[in-house]
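Chain by chain, the residues:
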Amino acid sequence: MKQLRVLILTICLVSSSNAFSQDTAAINNLGNGWHKAAAKADEVIFFGSMSDDAVYLGTDESERWLKPDFMAWSKKYFDRESAWDFKPLSRNVQFSDDKKTAWWDEKLDTWMGVCAGAGVATLTKDGWKIRHYQLAMMIPNEKVKSVLEVLKKENSKPEHKE
């Protein structure tokens, strides 16, 4: 009887592990395909991987794009051979208990150096769709003060004299 319980427990753990692996693989495929689509300037796949209500946060403080606005803004980039080329270096994926929402953080090799990305996707009738993504530049802690000094100088306005 004890052996039967161990066998059932093992089967449950393996099944659960396989389902988790398949879900994680689906999110990795979504993220990798999305980044690859941008590298190939394939706007059909890139924007098709996003939900209609998706939000994209870029590195600039003004960049909070709803999907239609992001499509319009990025058209000039997708008209080129490559819109941008971000290569995933690592990714950590998590799921809601009902397995219908996934979120991840990732490190990316970009023209800006290593950046961090974070996304949220939901499982729809058409498969997984990205609903929210944020891109951020990574600044080593020991360089933050010097970066802030540069930003302060660039953002400073000349004194107004009448």
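A few points on the structure.

Cut-offs used in this document
- Residues numbered from 1 in each chain as written.
- Predicted model: local features only at pLDDT ≥ 70, side-chain atom pairs only at ≥ 80, totals over all residues.
- Heavy atoms only, no water.
- Pairing = 2+ DSSP bridges.
- Helix = DSSP H or I, 4+ residues; strand = E, 2+ residues; numbered from the N terminus.
- Expected span 1.5 Å × (residues − 1).
- Buried < 20%, exposed > 50% of the residue type's maximum accessible area, 1.4 Å probe, protein only.
- Arc of directions from axis to C-beta.
- Contact = heavy atoms within 4.5 Å.
- Polar contact = N/O pair within 3.5 Å; in protein donor to acceptor, adjacent residues only side chain to side chain.

**Concerning the pairing of strand S6 (residues 127-137)**
Okay, step 1: With four bridges joining them, strand S1 (residues 50-57) and S6 adopt parallel strand pairing. Bridging across to S6, Tyr56 finds its partner in Tyr133.
Okay, step 2: With antiparallel pairing between neighbouring strands as the criterion, strand S5 (residues 113-124) and S6 make up a hairpin whose turn holds two residues.

**What about unusual backbone geometry?**
Okay, step 1: In this model, Ala41 sits at a positive phi of 55°, which is unusual for a non-glycine residue.
Okay, step 2: Although it is not a glycine, Lys99 adopts a positive phi angle of roughly 65°.
Okay, step 3: Position of Lys99 relative to the elements: it lies in the loop between strand S3 (87-95) and strand S4 (101-110).

**Description of helix H3 (residues 67-78)**
Okay, step 1: For H3, built from twelve residues, the straight-helix expectation of 16 Å at 1.5 Å per residue is missed by more than 12%, its first-to-last C-alpha distance being only 14 Å.
Okay, step 2: Along H3, the residues classified as buried are Lys67, Phe70, Ser74 and Phe78. Buried positions in H3, seen along its axis, are confined to an arc of 70° and lie on one side of it. Residues of H3 that are exposed and point over 90 degrees away from its buried face: Pro68 and Ala72.

**Topic: the environment of Lys87**
Okay, step 1: Tracing the sequence through the fold places Lys87 in strand S3.
Okay, step 2: On a C-alpha basis, the gap between Lys87 and Leu108 in space is 5.3 Å, while along the polypeptide they are 21 residues apart.
Okay, step 3: When near neighbours in sequence (up to four residues on either side) are disregarded, Lys87 contacts Lys107, Leu108 and Asp109.
Okay, step 4: At a separation of 2.6 Å, a polar atom in the side chain of Lys87 contacts the side chain of Asp85.

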